[in-house]
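Examination of the molecular architecture
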Amino acid sequence: MKNSKITNTLTFDCETGNYHTFCPISCVAWLYQKIEDSFFLVIGTKTCGYFLQNALGVMIFAEPRYAMAELEEPDISAQLNDYKELKRLCLQIKHDRNPSVIVWIGTCTTEIIKMDLEGMAPKLEAEIQTPIVVARANGLDYAFTQGEDTVLSAMVQRCPTSSINEKQEQKSSLVLFGSLPTNVATQLNLELERCGIQVSGWLPSQRYVDLPVLNETVYVCGVNPFLSRTATTLMRRRKCKLISAPFPIGPDGTRAWLEKICDVFGVKPIGLVERENQIWESLQDYIALVRGKSVFFMGDNLLEISLARFLVRCGMIVYEIGIPYLDKRFQAAELDFLEKTCHQLNVSMPRIVEKPDNYNQVQRIRELQPDLAITGMAHANPLEARGINTKWSVEFTFAQIHGFTNARDILELVTRPLRRNQALQNLGWNQLVKS
Ligand code: SF4
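About the thresholds
- The numbers attached to residues start from 1 for each chain and follow its sequence in the written order.
- Under the rules for a predicted model, residues below a pLDDT of 70 receive no local features and side-chain atom pairs below 80 are neither given nor counted, while totals for whole chains, interfaces and linings still include all residues.
- Calculation of side-chain values draws on the structure's entire complement of heavy atoms; hydrogens and water are dropped beforehand.
- Here a strand is any run of E in DSSP of at least two residues, a helix any run of H or I of at least four, and the numbering for each starts at the N terminus.
- Expected span, for any helix, means 1.5 Å times one less than how many residues it has.
- Partly exposed describes any residue whose relative accessible area lies between the buried limit of under 20% and the exposed limit of over 50%, with all areas from a 1.4 Å probe on protein chains only and scaled to the type maximum.
- Only heavy atoms matter for contacts: two residues are in contact if any of them lie within 4.5 Å across the pair.
- In this scheme Phe, Tyr and Trp rings, the latter by its six-membered ring, pair at centre separations within 6.5 Å, and the angle between planes marks the pair as stacked below 30 degrees, edge-to-face above 60, and tilted otherwise.
- Geometrically, a charge over a ring is one whose NZ (Lys) or CZ (Arg) sits within 6 Å of the ring centre while staying within 35 degrees of the ring normal.
- UniProt positions are given in the numbering used here, feature names are shortened, and annotations may be inferred rather than shown by experiment.
- We define a nonpolar core as any set of buried Ala, Val, Leu, Ile, Met, Phe, Trp, Tyr and Cys residues linked to one another through side-chain atoms lying within 4.5 Å.
- Where each domain begins and ends follows an automated or database-derived domain assignment.
- Two parts placed together each lose some accessible area under a 1.4 Å probe, and the buried area is that loss summed for both.
- For this analysis, a salt bridge means a side-chain nitrogen from Lys or Arg found within 4 Å of a carboxyl oxygen belonging to Asp or Glu.
- We call two N or O atoms a polar contact when they sit within 3.5 Å, provided that within protein one can donate a hydrogen and the other can accept it, with sequence-adjacent residues counted only if both atoms are side-chain atoms.
- Ten residues, namely Ala, Val, Leu, Ile, Met, Phe, Trp, Tyr, Cys and Pro, are considered nonpolar, four, namely Asp, Glu, Lys and Arg, are considered charged, and the remaining ones, Gly among them, are considered polar.

For an α-helix the count is 3.6 residues per turn, leaving residues at separations of three or four pointing the same way. Look at helix α15 (residues 332–345): 20 Å from first C-alpha to last across 14 residues, which is about the 20 Å you get at 1.5 Å a residue. Buried residues of α15: Ala-333, Glu-334, Leu-335, Phe-337, Leu-338, Thr-341 and Cys-342, and no others. Lining the buried residues of α15 we find β1 (11–14), α11 (250–264), α14 (304–313), β11 (317–323) and β12 (351–354).

Below, the structure is given as structure tokens:
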């Protein structure tokens, strides 16, 4: 098969976009938990409801702060007044939960019937006196984690422009963007503090009412590779200065991320190299398991390039990095880092496939027989039955993978199928389907 050659430079390909991923409306699952005073209203059909209900598992029993506004036939054929319906629902939400913000999530259906959410929101907001943020996190335009990107870029507009003492200070400050569990965000704050840099705020903040100040004196830096729209909005709308760095995933990424920020602020970091080495040392037991093994990313959450770079550093061979969407500008530092890492370790460069075609990928997996395929649930069991070890990719989105201390969690996930299958291999039934 001609497509599966391994090359010496990073190669970029684009396929049909016929691949499995979560719908971006799934971002409500982690965003409602992160922004404690928010309420998410997904305006869509039963299809969206079924997806959320199934994908978010047991969370639905915990009275989450999200709900579906389910469009019915009369809504779609414009027999009902959308504005009145939404007002009724939002008043009910306000009455029951009293959130500081209601986020409307637009879906495929609201796109297709051209429901004017952006037009209705300001009017309704004035009427009910609760901020309404509109994000079009639909499956027509975006994949999985990009849902967060649409919400955050909509929230940029709601951040205050200047603090009271901003005039006197005029000092440049640092705002980090990307939703991370609070303890992970604190860890990154502390790492920067150790370097002598104070983080002045996060987008999103833990509470909507605490959104960070954004203006031309603010430097912004992303913690996740899927936030390219947010980065663009921060630069274009709020004139913030973007720090382009690799992402703080893996000890190598975390150090590069910290160094880049220090560099911009003119600070010389002390002890980062030792700290990185110390973490690598603590990972040796896991690295021994993955060294020399090959991995294939089918691609569905946009974390793939950073994870692949980390795994190359761990001694793995990456055959292919599938990715739903690649913003080469936003990921420039990460791509560069990946290339350098491959050069340093003298391993062949992975092939990067944007908008992959799962069918073609399965053919390539059959041919290459990687030691591990990182893939969605749709392909995991069928591949396992054919003797290919798999890791479910969605876990990387929900696990804590940022910063120095969480590197172990990434390897814990990556090695789990290898450890399990090693334990079972003597049973002699690892190939269950006739090929
Ligand atoms: S892809 Fe579209 S229709 Fe399907 S769940 Fe997502 S928003 Fe709803």
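All right, on to the packing of aromatic side chains then. Scanning the entire structure with this criterion turns up nine aromatic pairs. With 5.5 Å between their ring centres and 85° between their planes, Phe-22 and Phe-51 make a pair best called edge-to-face. Placement of the pair is Phe-22 in the loop between β1 and α1 (28–34) and Phe-51 in helix α2 (residues 46–55), with a sequence separation of 29 residues. Summarising the aromatic geometry, the rings of Trp-280 and Phe-310 are spaced 5.8 Å apart at their centres and angled 25° between planes, so their arrangement reads as stacked. Highlighted residues: Trp-280 in helix α12 (residues 272–282) and Phe-310 in helix α14, separated in sequence by 30 residues. The two residues Trp-280 and Phe-310 agree in class, both being buried. Each member of the aromatic cluster is reached from another via a ring pair, and the members are Phe-22, Trp-30, Phe-51, Phe-144 and Phe-398. We note Lys-241 situated over the ring of Tyr-219; from NZ or CZ to the ring centre the distance is 4.6 Å. Of note, Lys-328 hangs over the ring of Phe-12, and the distance from its end group to the ring centre comes to 4.0 Å.

Attention shifts here to the UniProt feature "binding site: [4Fe-4S] cluster" (unreviewed entry) in the protein. With numbering matched to this structure, UniProt assigns "binding site: [4Fe-4S] cluster" (unreviewed entry) to Cys-23, Cys-48 and Cys-108. Sequence-wise these annotated residues cover 86 residues; spatially they are packed, their C-alpha atoms never more than 10.2 Å apart. Residues within four places of Cys-23 in sequence aside, it is in contact with Phe-51, Gly-139 and Phe-144. Secondary-structure assignment places Cys-48 in helix α2. On the basis of relative accessibility, which here comes to 13%, the residue Cys-48 falls in the buried class. When residues no more than four places from it in sequence are discounted, the contact partners of Cys-48 are Ile-25, Met-68 and Thr-107.

The next thing to look at is the side chain of Ser-153. You can see Ser-153 is positioned in helix α7 (residues 146–156). Among the residues examined, Ser-153 registers a relative accessible area of 7% and is labelled buried.

Across the junction of Leu-203 and Pro-204, the peptide omega takes the value 0°, indicating a cis bond. Turning to its location among the elements, Pro-204 is positioned in the loop between β7 (199–203) and β8 (218–222). A positive phi angle is found at Gln-369, which is not glycine, with a value near 45°. Of note, Gln-369 is situated in the loop between α16 (358–368) and β13 (372–375). Residue class for Gln-369 comes out partly exposed when judged on its relative accessible area of 48%.

Ile-105, Leu-174 and Trp-257 are the most contacted members of the largest nonpolar core, which has 106 residues in total. Beyond its immediate chain neighbours, meaning those up to four positions away, Ile-105 contacts Ile-25, Val-28, Phe-40, Leu-41, Val-42, Ile-43, Ala-135, Ala-137 and Val-151. Counting 19 residues, the second-largest nonpolar core is a separate cluster that includes Ile-102, Leu-117, Ile-132 and Val-134.

Another aspect to go through is the side chain of Thr-145. Take Thr-145: it is sitting in the loop between β5 (132–136) and α7. The exposure class of Thr-145 is buried, given its relative accessible area of 0%. Those residues within four positions of Thr-145 in sequence are excluded, and the remaining contacts are Trp-30, Phe-226, Asn-301, Leu-302 and Thr-397.

Relative to the elements of secondary structure, Gln-361 occurs in helix α16. In this view, Gln-361 contacts Glu-15, Phe-296, Phe-297, Met-298, Glu-320, Gly-322 and Pro-356; residues no more than four positions away in its chain are not counted.

Before going further, it helps to examine the domain arrangement of the protein. Domain assignment breaks the protein into domain 1 (11–17 + 274–424), domain 2 (24–142) and domain 3 (173–265). For domain 1 and domain 3, the distance between their C-alpha centroids amounts to 24 Å. Summed over both partners, the interface of domain 1 with domain 3 comes to about 2,400 Å²; 63% of that surface belongs to carbon and sulfur atoms. On the domain 1 side of the contact with domain 3, Phe-330, His-402 and Phe-404 bury the most area, a combined 30% of that side's loss. Among the ionic pairs, Arg-255 bridges to Glu-276, the shortest N-O distance being 2.6 Å. Run the count over domain 1 and domain 3 and you get twelve residue pairs in polar contact (both at pLDDT 80 or more). Of all the secondary-structure elements, those providing two or more residues to the side of domain 1 that touches domain 3 are α12, α14, α15 and α19 (407–424). With five residues, α14 is the largest single contributor of residues to the side of domain 1 that touches domain 3. When its residues are assigned to classes, the side of domain 1 that touches domain 3 shows 15 nonpolar, eight polar and six charged.

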